[in-house]
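Coordinate analysis (summary)
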Amino acid sequence: MERVFVYGTLKRGERNHALVAPYLHRVLPGRVLGYRLFHLEGGGRPYPYPAMVPGEGWVEGEVLFLDPEALPLLDELEEEGVEYRRVRVRAETPEGPLEAWAYLYLGDLEGARPLPSGSWGGYP
Ligand code: PCA
């Protein structure tokens with residue numbers, strides 16, 4: 001089983017969650033310390049999505065427990081190595097701290113809107 005901390009379009013109820021749904025076993029609410037969140041929209045992007053980068057604060061999301069086959073699909077969606085980098089993070093959950101993968105944004109943050117709440121979601 002792989003654990004992935006998601007904070008954007010891969011969360012339940014968001015537009016890319018369907019990609020992981022067939023591989024999903026379990027979900028826990030989670031948050032990670034030492035990162036900041038931004039909202040990205042426009043500039044040729046097909047839809048809005050967030051960027052998590054190292055910084056001061058918490059980012060809120062979900063820890064997904066997934067079959068390992070889901071990872072290459074996620075790497076492709078997130079353009080691993082180009083737009084995002086998959087790294088290990090420590091997520092705080094109601095069941096204690098858990099190590100998980102997460103996608104850190106590699107791109108330019110010019111024009112990005114900071115989300116000091118550390119939470120993203122509900123965009124059309
Ligand atoms: N998808 C990944 C990274 C940003 C995004 O929209 C996620 O939900 O965690």
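Because the structure is a prediction, the values reported are computed rather than measured. Residue positions are given per chain, counted from 1 along the sequence in the order it is written. The model is predicted, so local features are restricted to residues of pLDDT at least 70 and side-chain atom pairs to those at 80 or more, both for listing and for counting; the totals for chains, interfaces and linings are taken over all residues. The basis for the side-chain values is all heavy atoms of the structure; hydrogens and waters are excluded.

**Here's the deal with helix H2 (residues 70-77)**
- Exposure categories follow from relative accessible area, calculated using a 1.4 Å probe and restricted to protein chains: below 20% of the type maximum is buried, above 50% is exposed, and the middle band is partly exposed. What counts as a helix is a DSSP run of H or I of at least four residues, what counts as a strand is a run of E of at least two, and both are numbered from the N terminus. Among the residues making up H2, those that are buried are Ala-70, Leu-71, Leu-74 and Asp-75. For H2, the buried positions fall inside an angular range of 135° around the axis, keeping them on one side. Exposed and oriented more than 90 degrees from the buried face of H2 are Pro-72 and Glu-76.
- Contacts between residues were defined by any pair of non-hydrogen atoms, one from each residue, lying within 4.5 Å. Contacts from the buried residues of H2 go to strand S1 (2-6), helix H1 (17-20), strand S3 (49-66), strand S4 (84-93) and strand S5 (96-105).
- Looking one or two residues beyond H2, the residue adopting positive phi is Glu-79, at roughly 50°. Our arc is simply the arc of the directions from the helix axis toward the C-beta atoms.

**What about the UniProt feature "domain: Gamma-glutamylcyclotransferase AIG2-like" (unreviewed entry) in the chain?**
- Residues annotated by UniProt as "domain: Gamma-glutamylcyclotransferase AIG2-like" (unreviewed entry) correspond here to residues 4-120.
- In the segment residues 4-120, helix accounts for 10% and strand for 51%; the C-alpha atoms at its two ends are 17 Å apart. UniProt positions are given in the numbering used here, feature names are shortened, and annotations may be inferred rather than shown by experiment.

**Quick look at the nonpolar core**
- Of all hydrophobic cores here, the largest spans 38 residues; its most connected members are Phe-5, Val-32, Met-52 and Val-59.
- Elements that contribute at least two residues to this core include exactly S1, strand S2 (24-40), S3, H2, S4 and S5.
- The greatest single-element share of this core, amounting to nine residues, is contributed by S3.
- The residues contacting Met-52, other than those within four sequence positions of it, are Phe-5, Tyr-7, Val-32, Tyr-35, Arg-36, Leu-37, Val-59, Ala-102, Tyr-103, Leu-104 and Tyr-105. Working definition of a nonpolar core: buried Ala, Val, Leu, Ile, Met, Phe, Trp, Tyr and Cys residues. They are joined through side-chain atoms within 4.5 Å.

**Brief notes about the pattern of salt bridges**
- Here, a salt bridge means any Lys or Arg side-chain nitrogen found within 4 Å of an Asp or Glu carboxyl oxygen. Applying the stated rule across the entire model yields six salt bridges.
- The residue Glu-95 makes a salt bridge to Arg-26 at a minimum N-O spacing of 2.5 Å. Of the two residues, Glu-95 sits in the loop between S4 and S5 while Arg-26 sits in strand S2, which places them 69 residues apart along the sequence.
- For Arg-90, the salt bridge goes to Glu-92, with nearest N and O atoms at 2.7 Å.
- A residue is classified by how much of its surface remains accessible, and Arg-90, at 51% relative accessible area, is exposed.

**Remarks on unusual backbone geometry**
- Positive phi is not limited to glycine here, since Glu-79 has a value of about 50°.
- Here Glu-79 is to be found in the loop between H2 and S4.

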